Amino acid sequence: MPAEPTPGDPSPGGTVLGDDGLHRTPWGAVPGMMQDYYDTEWGVPVSGEPAHFERLCLEGFQAGLSWATILRKRDAFREVFFDFDVDAVATLGPDDVERLMGDARIVRNRAKIEATVTNARAVIALREEGGLEAFLWSFKPADTPRPQSMVDVPTTSPESVALSKALRKKGFRFVGPTTMFALMEALGIVDTHVLGSHRRGVSGVWAS
């Protein structure tokens, strides 16, 4: 008779069993901040321009860093970027960039800070075409990945490549195909929860 699964051990399907008896995608099984984010936000659609702009910006800041780093600094990002109010962010100028470069609470990367301002202005222009939310969701694929384990999770897709190109044409920066695929995952545009995770299908967009 096989032994009972032990919390923290990976299942044959690629999930990790938590102390609460729930199976999760491995990165979301880390107790604390990461697990809370996985259980409450990741892969769940949001509503409104600020929420979509926030996720677009944070994915850009995450490039080359861990997502845990971004989550730890999220409150500070929200403060300095006016809760990601696009019109307010778009008014920031060179002096503001210099001030933010001195703020250790956020990621002090000049190119990423400047891109946030540039992208806010691009979002404003995009309102004439239906807005950021509709634009992002227009790249929803016909199907979603169904990974058995993390090795099955792609890092890009034809749709994320197309989205990246389209956003760049609109003047956006730090919107590469990998970053845009991560954004699509975060928003539930695709579902890459490992099969067997208790959060699989949580977006309501895809059948598990």
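Quick caveat, the model's predicted, so the values are computed rather than measured. (Residues numbered from 1 in each chain as written. Predicted model: local features only at pLDDT ≥ 70, side-chain atom pairs only at ≥ 80, totals over all residues. Heavy atoms only, no water.)

## Considerations on the pattern of salt bridges
Definition in use: Salt-bridge detection follows one rule: a side-chain nitrogen of Lys or Arg within 4 Å of a carboxyl oxygen of Asp or Glu. Put simply, DSSP marks the helices as runs of H or I at least four residues long and the strands as runs of E at least two long, and each gets a number from the N terminus on.
For the structure on display, the rule yields 16 salt bridges. Glu 49 is the partner of Arg 127 in a salt bridge, and the nearest nitrogen-oxygen pair spans 2.8 Å. Placement of the pair is Arg 127 in the loop between helix 7 (110-126) and helix 8 (132-137) and Glu 49 in helix 2 (residues 49-62), with a sequence separation of 78 residues. One salt bridge in this structure joins Asp 87 and Arg 127, with 3.0 Å as the shortest N-O distance. Of this pair, Asp 87 sits in helix 5 (residues 86-89) while Arg 127 sits in the loop between helix 7 and helix 8, placing them 40 residues apart in sequence. Residues joined in a network through salt bridges with shared partners are Glu 41, Glu 54, Arg 55, Arg 74 and Arg 78.

## Describing the side chain of Ser 160
Stated formally: Two N or O atoms form a polar contact when they lie within 3.5 Å of each other; inside protein one atom must be a possible hydrogen donor and the other a possible acceptor, and for residues adjacent in sequence the pair counts only when both atoms belong to side chains. The contact definition used throughout considers only heavy atoms, calling two residues in contact when any of these lie within 4.5 Å.
Along the polypeptide, Ser 160 turns up in helix 9 (residues 158-169). A polar side-chain atom of Ser 160 sits 3.0 Å from the main-chain amide nitrogen of Ser 157. At a separation of 3.1 Å, a polar atom in the side chain of Ser 160 contacts the main-chain carbonyl oxygen of Pro 177. Aside from chain neighbours lying at most four places away, what touches Ser 160 is Pro 177, Met 180, Phe 181 and Met 184.

## A look at the side chain of Asp 103
Heads up, the rule is: Each residue is placed in one exposure class: buried if its accessible area under a 1.4 Å probe, protein chains only, is under 20% of its type's maximum, exposed if it is over 50%, and partly exposed if it falls in between.
Locating Asp 103 in the fold gives a position in the loop between helix 6 (94-101) and helix 7. A residue is classified by how much of its surface remains accessible, and Asp 103, at 14% relative accessible area, is buried. At 2.9 Å, the side chain of Asp 103 and the side chain of Arg 105 are in polar contact. If we skip the residues at most four places from it in the chain, Asp 103 touches Val 80 and Arg 108.

## A word on the packing of aromatic side chains
Threshold: Here a Phe, Tyr or Trp ring, Trp counted by its six-membered ring, pairs with any other such ring whose centre lies within 6.5 Å, and the pair is stacked when the planes are under 30 degrees apart, edge-to-face when over 60, and tilted otherwise.
Tallied over the entire structure, the rule returns 11 aromatic pairs. Between Phe 81 and Phe 84 the ring centres are 5.9 Å apart and the planes differ by 40°, which places this aromatic pair in the tilted class. You'll find Phe 81 and Phe 84 in the same group, each marked buried. Here a set of aromatic residues connected by ring pairs shows up, and it is made of Trp 27, Tyr 37, Tyr 38, Trp 42 and Trp 67.

## Side note on helix 10 (residues 177-187)
Here helix 10 lies mainly inside the structure; 9 of its 11 residues are buried. Turning to helix 10, its buried residues number three or more, namely Thr 179, Met 180, Phe 181, Ala 182, Leu 183, Met 184, Glu 185, Ala 186 and Leu 187. Following helix 10 by one or two positions, Gly 188 has its phi on the positive side, about 85°.

## Description of the nonpolar core
Across soluble globular proteins, you tend to see nonpolar side chains buried next to one another. Here is the rule: As used here, the term nonpolar core means buried Ala, Val, Leu, Ile, Met, Phe, Trp, Tyr and Cys residues forming a set that is joined through side-chain atoms within 4.5 Å.
Among the nonpolar cores identified, the biggest contains 51 residues, and Phe 53, Phe 77, Phe 81, Leu 167 and Phe 172 are the most heavily contacted of them. In contact with Phe 77, not counting residues within four places along its chain, are Leu 58, Phe 61, Ile 70, Phe 84, Ile 106 and Val 107.

## Describing the packing of helix 9 against helix 10
Stated precisely, the cut-off is as follows: For helices, the fitted line uses only the C-alpha atoms of the stretch in contact; every axis is such a line through C-alpha atoms, and the angle between N-to-C directions lies from 0 to 180 degrees. Orientation labels follow simple angle bins: below 35 degrees gives roughly parallel, above 145 gives roughly antiparallel, 65 to 115 gives roughly perpendicular, and whatever is left gives oblique. For a crossing to be left-handed, the near helix must be turned anticlockwise from the far one by less than a right angle; the clockwise case is right-handed. Only Asp, Glu, Lys and Arg are considered charged in this grouping, and only Ala, Val, Leu, Ile, Met, Phe, Trp, Tyr, Cys and Pro are considered nonpolar; every other residue, Gly among them, is considered polar.
Packing of helix 9 against helix 10 leaves a shortest axis separation of 8 Å and a crossing angle of 110°. What the angle tells us is that helix 9 and helix 10 run roughly perpendicular. When you trace helix 9 past helix 10, the crossing you get is right-handed. Judged by residue contacts, Glu 159, Ser 160, Val 161, Leu 163, Ser 164, Leu 167 and Arg 168 of helix 9 engage Pro 177, Met 180, Phe 181 and Met 184 from helix 10. Residues that form the contact of helix 9 with helix 10 fall into these classes: 7 nonpolar, 2 polar and 2 charged.

## Points about unusual backbone geometry
Positive phi outside glycine occurs at Phe 84, with the angle close to 60°. Along the chain, the position of Phe 84 falls in the loop between helix 4 (74-80) and helix 5. The class for Phe 84 is buried, based on a relative accessible area of 0%. You will see that Phe 174, though not glycine, has its phi angle at about 55°, which is positive. The residue Phe 174 is located in the loop between helix 9 and helix 10 in this model. Relative accessible area serves as the criterion here: at 33%, Phe 174 is assigned to the partly exposed category.

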